[in-house]
Amino acid sequence: DSVFAAVVRAPEDPILGVTVAYNKDTSPNKLNLGVGAYRTEEGKPLVLNVVRRAEQILVNDESRVKEYLGITGLADFNKLSAKLILGADSPAIQDNRVTTVQCLSGTGSLRVGAEFLARHYHEKTICIPNPTWGNHPKIFNLAGLSVKTYRYYDPATKGLDFQGLLEDLGAAPSGAIVLLHACAHNPTGVDPTLEQWEQIRQLIRSKQLLPFFDSAYQGFASGSLDADAESVRMFVADGGECLAAQSYAKNMGLYGERVGALSIVCKAADVASRVESQLKLVIRPMYSNPPIHGASIVAAILKDSEMYREWTVELKAMADRILSMRQQLFEALSARGTPGDWSHIIKQIGMFTFTGLNSEQVAFMTKEYHIYMTSDGRISMAGLSSRTVPHLADAIHAAVT
Ligand code: PLP
């Protein structure tokens, strides 16, 4: 008998499992709105032109070798990533108070940040929004932090439970870490307004909580890289400390390249440099050093003003297509007279709409219409096209009537 005979089968990942089920479906009308990856109007994955261009340049450069990067990754990439999230003129960067390390996309950046905090930060509680991206509690628990939730979403308004959020963060242990989605909250698509962010900032600073930003959608939400980083920049402008995990999966379409960055903004340069020395001790036994290809692409684009500009144009086009899908779905439901208020479809921000459909309605839509999404009713707007909107609208209409 196998020495592993006692291993029990684990459940599929709730998000990635949706694609597993979708792949098994043989219907020609099947539609995958589960996965958080951009699709073109033709339903195809997209490689940005500027990424292809950068790759060509890298391939043709025979001086490039495949040596190991250092533990913290590609230095240019790290500098440029910090500028991208904090702003080119950020005083924290000018003061050398920021340490940035290249990590394995957003997930890896969160994990490295969490491992560092578990070892070197005095308070082990991390407050995450309810609901949040399903991987958050697992990442933080496995790093040894103690996960608590704060109220975030109000199902009644399909908007922010701002009062609940303030109450729960106000009641958090002093010094607790607070996980914040920088923009385009996943799964709800609900973000605080700038005025609300300012109140959250004041509360966090007055209670000496430690903000940890997850920035997986910079530029992808509004189409503007600066606008989508406002929340983070407000917290850096006050001179206080924070962490930020960046992903280039969505905004550069580099999903499988696993390229991201963790920045820790400190109060002084010597602290930042000591923090970086400890980040190396976290990273070295985990995966030694990060991969070179994706970071080289990102650095090539960020440091060349012409390629940077081309990127922003392509990024805006992706954001705009998603906004147009929101509008089209909303109009299709209005045209069908589907009962209920569906204005949240156009109010919510980013890749996802949190439809408010319950798990039975989702199961019905999968069974009868071959539409796949997570059981919490979250749909990826990026997986829709003008061709598939009517099918989805028919399915939602049938599910709620
Ligand atoms: N954080 C949030 C909120 C996300 O939605 C995602 C991706 O779906 C990630 C982080 C990390 O993704 P990746 O590790 O692919 O960069």
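Here the residue numbers are simple positions, counted from 1 along each chain's written sequence. Totals for whole chains, interfaces and linings use every residue, but because this is a predicted model, local features are given only for residues with pLDDT of at least 70 and side-chain atom pairs only at 80 or more, for both listing and counting.

As recorded in an unreviewed UniProt entry, the chain goes by Aspartate aminotransferase and comes from Linum tenue. UniProt positions are given in the numbering used here, feature names are shortened, and annotations may be inferred rather than shown by experiment. Quoted verbatim from the Subunit (unreviewed entry) field of UniProt, the annotation for the chain is "Homodimer."

## Things to note about the environment of N141
You can see N141 is positioned in helix α6 (residues 135-142). Partly exposed residues are those whose C-beta has more than 12 but fewer than 20 other C-beta atoms within 10 Å; 20 or more makes a residue buried and 12 or fewer makes it exposed, with C-beta atoms placed from the backbone. The exposure class of N141 is partly exposed, given the 13 C-beta atoms found within 10 Å. With 26 residues separating them along the chain, N141 and E115 place their C-alpha atoms 10.0 Å apart. In this description a helix means any DSSP run of H or I spanning at least four residues, a strand means any run of E spanning at least two, and both kinds are numbered starting from the N terminus.

## A short note on the UniProt feature "domain: Aminotransferase class I/classII large" (unreviewed entry) in the chain
Under the local residue numbering, the UniProt record ascribes the feature "domain: Aminotransferase class I/classII large" (unreviewed entry) to residues 29-396. In residues 29-396, the share of helix is 45% and the share of strand is 15%. The end C-alpha atoms are 15 Å apart.

## Quick notes on helix α12 (residues 305-336)
Helices are assigned an expected span. That span is 1.5 Å times one less than the residue count. Taking 1.5 Å as the rise per residue, α12 with 32 residues should run 46 Å; its terminal C-alpha atoms sit 47 Å apart, in good agreement. For α12, the full list of buried residues reads W311, L315, M318, A319, I322, M325, Q328, L329, A332 and L333. By the convention adopted here, residues make contact when the C-beta atoms placed from their backbones lie within 7 Å. For α12, the elements touching its buried residues are α2 (49-60), α11 (293-303), α13 (344-347) and α15 (389-400). Just downstream of α12 lies G337, where phi reads positive at about 65°.

## Quick notes on the site of the ligand
Nearness rests on one distance test: the residue's C-beta atom, set from the backbone, must lie within 6 Å of the molecule or strand. Around the ligand sit 13 residues, and of these S105, G106, T107, A216 and S247 come closest. By residue number, the principal contributor to the shell around the ligand is helix α5 (residues 105-120), which donates three residues. Three residue categories are used. Nonpolar comprises Ala, Val, Leu, Ile, Met, Phe, Trp, Tyr, Cys and Pro, charged comprises Asp, Glu, Lys and Arg, and polar comprises the others, including Gly. Here the shell around the ligand is composed, by residue class, of four nonpolar, eight polar and one charged.

## Description of the packing of helix α14 (residues 359-369) against α15
In helix packing, the relevant descriptors are the interaxial angle and the interaxial distance, both defined with respect to the helix axes. Where α14 contacts α15, the two axes come as close as 9 Å, and the packing angle between them is 130°. Taken together, the axes of α14 and α15 are oblique relative to one another. α14 and α15 meet at a crossing whose hand is right-handed. Along its contact with α14, which presents Q361, F364, M365, E368 and Y369, the element α15 presents H391, A395, A398, A399 and V400. Among the residues making up the contact of α14 with α15, the classes are represented as seven nonpolar, two polar and one charged. Every axis corresponds to a line fitted to the C-alpha atoms, with the helix fit spanning only the stretch in contact, and the corresponding angles, defined between N-to-C directions, vary from 0 to 180 degrees. Orientation categories follow fixed angle ranges, with anything under 35 degrees roughly parallel, anything over 145 roughly antiparallel, 65 to 115 roughly perpendicular, and all other angles oblique. Definitions for this section: a left-handed crossing has its near helix turned counterclockwise from the far helix by less than a right angle. A right-handed crossing has that turn clockwise.

## Details of the environment of L384
The topology assignment puts L384 in the loop between β13 (378-380) and α15. In this structure, the C-alpha to C-alpha distance between L384 and V35, residues 349 residues apart in sequence, is 11 Å.

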